[in-house]
Amino acid sequence: ELALIMGDRIVCASTAAGPALEGANIECGTGGIPGAICAVSDALDFRTVSDQPATGICGSGLTDLIAVLLRKSVIDETGALDEECGGDMEARIDDQKFYLQENIWLSQKDIRQFQLAKAAIHAGIETLCESTGLHCGDISELYVAGGLGYYLAEKSMLETGLIPAPFAGKLKTPGNTALAGAVRCLLEQERSKVCAIADSIEICELTGRSDFSDRFIDAMCFE
């Protein structure tokens, strides 16, 4: 779900990014629960939610891991795993799976799922900006809400193409905005303001737009 705010004007769009960033359709995927791998370093050390033993990998960990493997040329620009990349990294690859540890891996299918998600989000952001006559570089701040936004590393988002390059240095993480919004809807003194905002929203329908489709295809690959 995307919202572009320009003064009192709010334009929204929804893009079908799928559930990959929530850990679904990922072979060792999980939600952002205790034990979920939420961050991965260049040395392939990782951190888990609540510092519990690793049980799977959530969206932020998935993004980090793919960014690391891109930097190390284990994944090429098309998203293919290079099973002959050499050295210690090659030793971690077996049957089109990259093993982070014995029971947690990243498969070729997982990479394709991520590519679909990141291409939809990237293309959605660009198309939403273009629909209002703006370019991504014109935007002053990018808020990524929820638990995913809290754990996502800006560097990994940029290197994987999850967000367009002009947003470098502009990322903000406001936390659980869905809960905060629900609370405001329940408070009588806030309800009229919330309803007025909802009534004023303009919709940018991405389905059927050829410019969105073209951007989606372009964003599938890694630069």
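Residues numbered from 1 in each chain as written. Predicted model: local features only at pLDDT ≥ 70, side-chain atom pairs only at ≥ 80, totals over all residues. Heavy atoms only, no water.

## Details of the sheet that holds strand β5 (residues 56–57)
Moving on, step 1. Pairing within the open sheet is mixed, and its three strands lie in the order β4-β3-β5. Both edges of this open sheet fall to β4 (46–48) and β5, since each of them pairs with a single strand only.
Moving on, step 2. Pairing analysis gives three bridges linking strand β3 (residues 36–40) to β4, with the strands arranged antiparallel. By the bridge assignment for β4, Ala 39 is matched with Arg 47.
Moving on, step 3. Here helix α1 (residues 59–71) sits on the sheet in contact with β3 and β5, set at roughly 40° to β3. (Pairing = 2+ DSSP bridges. Helix = DSSP H or I, 4+ residues; strand = E, 2+ residues; numbered from the N terminus. Contact = heavy atoms within 4.5 Å. Axes fitted to C-alpha atoms, helices over the stretch in contact; angles between N-to-C directions.)

## Topic: the pattern of salt bridges
Moving on, step 1. Scanning all chains against the criterion turns up nine salt bridges.
Moving on, step 2. In this structure, Asp 110 engages Lys 109 in a salt bridge whose closest nitrogen and oxygen atoms are separated by 4.0 Å.
Moving on, step 3. Overall, the relative accessible area of 0% leaves Asp 110 in the buried class.
Moving on, step 4. Relative accessible area serves as the criterion here: at 39%, Lys 109 is assigned to the partly exposed category.
Moving on, step 5. A salt bridge links Glu 190 to Arg 184, with the nearest nitrogen and oxygen atoms 3.0 Å apart.
Moving on, step 6. Among the residues examined, Arg 184 registers a relative accessible area of 33% and is labelled partly exposed.
Moving on, step 7. A cluster of three or more residues bridged by salt bridges with shared partners is formed by Glu 126, Glu 130, Arg 209, Asp 211 and Arg 215. (Salt bridge = Lys/Arg side-chain N within 4 Å of Asp/Glu carboxyl O. Buried < 20%, exposed > 50% of the residue type's maximum accessible area, 1.4 Å probe, protein only.)

## Examining the packing of helix α3 (residues 108–131) against helix α8 (residues 210–219)
Moving on, step 1. Direction vectors running N to C along α3 and α8 enclose 140°, while the axes themselves pass 8 Å from each other. By the angle class used here, α3 and α8 are oblique. Crossing geometry of α3 relative to α8 is assigned as right-handed. Of the residues in α8, those in contact with Leu 116, Lys 118, Ala 119, Ala 120, His 122, Ala 123, Gly 124, Glu 126, Thr 127 and Glu 130 of α3 are Asp 211, Phe 212, Arg 215, Phe 216 and Ala 219. (Parallel < 35°, antiparallel > 145°, perpendicular 65-115°, else oblique. Left-handed = near helix turned anticlockwise from the far one by under 90°.)

## Things to note about the state of the cysteines
Disulfides are covalent bonds that link the sulfur atoms of two cysteine residues.
Moving on, step 1. Evaluation of the coordinates by the stated rule reveals zero disulfides.
Moving on, step 2. Free cysteine: Cys 85, not disulfide-bonded; nearest cysteine sulfur from Cys 28 at 19 Å.
Moving on, step 3. Residue classification places Cys 85 among the partly exposed residues on the basis of a relative accessible area of 25%. (Disulfide = S-S within 2.5 Å.)

## So, the packing of helix α6 (residues 177–186) against helix α7 (residues 188–200)
Moving on, step 1. Between α6 and α7, the shortest axis-to-axis distance is 5 Å and the interhelical angle comes to 110°. With respect to α7, the axis of α6 lies roughly perpendicular. Contact residues: Arg 184, Cys 185 and Leu 186 in α6; Glu 188, Glu 190, Arg 191, Lys 193 and Val 194 in α7.
Moving on, step 2. Looking at the contact of α6 with α7 residue by residue, the classes come out as three nonpolar, no polar and five charged. (Nonpolar A, V, L, I, M, F, W, Y, C, P; charged D, E, K, R; others polar.)

## A look at α1
Moving on, step 1. Under the 1.5 Å per step criterion, the end-to-end length of α1 is 19 Å for 13 residues, consistent within 8% with the ideal 18 Å.
Moving on, step 2. Of all 13 residues that make up α1, twelve are buried, and the element is covered over most of its length.
Moving on, step 3. When we look at burial in α1, the residues that qualify are Gly 59, Ser 60, Gly 61, Leu 62, Thr 63, Asp 64, Leu 65, Ile 66, Ala 67, Val 68, Leu 69 and Leu 70.
Moving on, step 4. Two residues or fewer past α1, Ser 73 is found with a positive phi of approximately 60°. (Expected span 1.5 Å × (residues − 1).)

## Quick look at a negative patch on the surface
Moving on, step 1. A contiguous patch of negative charge, built from Asp 76, Glu 77, Asp 82, Glu 83, Glu 84, Glu 90, Asp 94 and Asp 95, is present on the exposed surface.
Moving on, step 2. Relative to the assigned elements, Asp 82 resides in the loop between α1 and α2 (87–91).
Moving on, step 3. Exposure remark for Asp 82: the relative accessible area of 32% places this residue in the partly exposed category. (Patch = residues over 30% accessible without salt bridge, like charges linked within 9 Å, V, L, I, M, F, W, Y side chains within 5 Å. Areas by Shrake-Rupley, 256 points an atom, 1.4 Å probe, with all protein chains shown as cover. Lys, Arg positive; Asp, Glu negative; His and termini not counted. Charge placed at Lys NZ, Arg CZ, Asp CG, Glu CD.)

## Structural notes on the sheet that holds strand β10 (residues 202–203)
Moving on, step 1. Read across the open sheet, the three strands follow the order β1-β2-β10; overall the sheet is mixed. Only two strands of the sheet have a single partner each, and these edge strands are β1 (2–6) and β10.
Moving on, step 2. Here five bridges tie β1 to strand β2 (residues 9–13), and the two strands are oriented antiparallel to one another. Across the sheet, Ala 3 pairs through a bridge with Cys 12, a residue of β2.
Moving on, step 3. Sitting on the sheet, α3 touches β1 and β2, and the angle it makes with β1 is about 30°.

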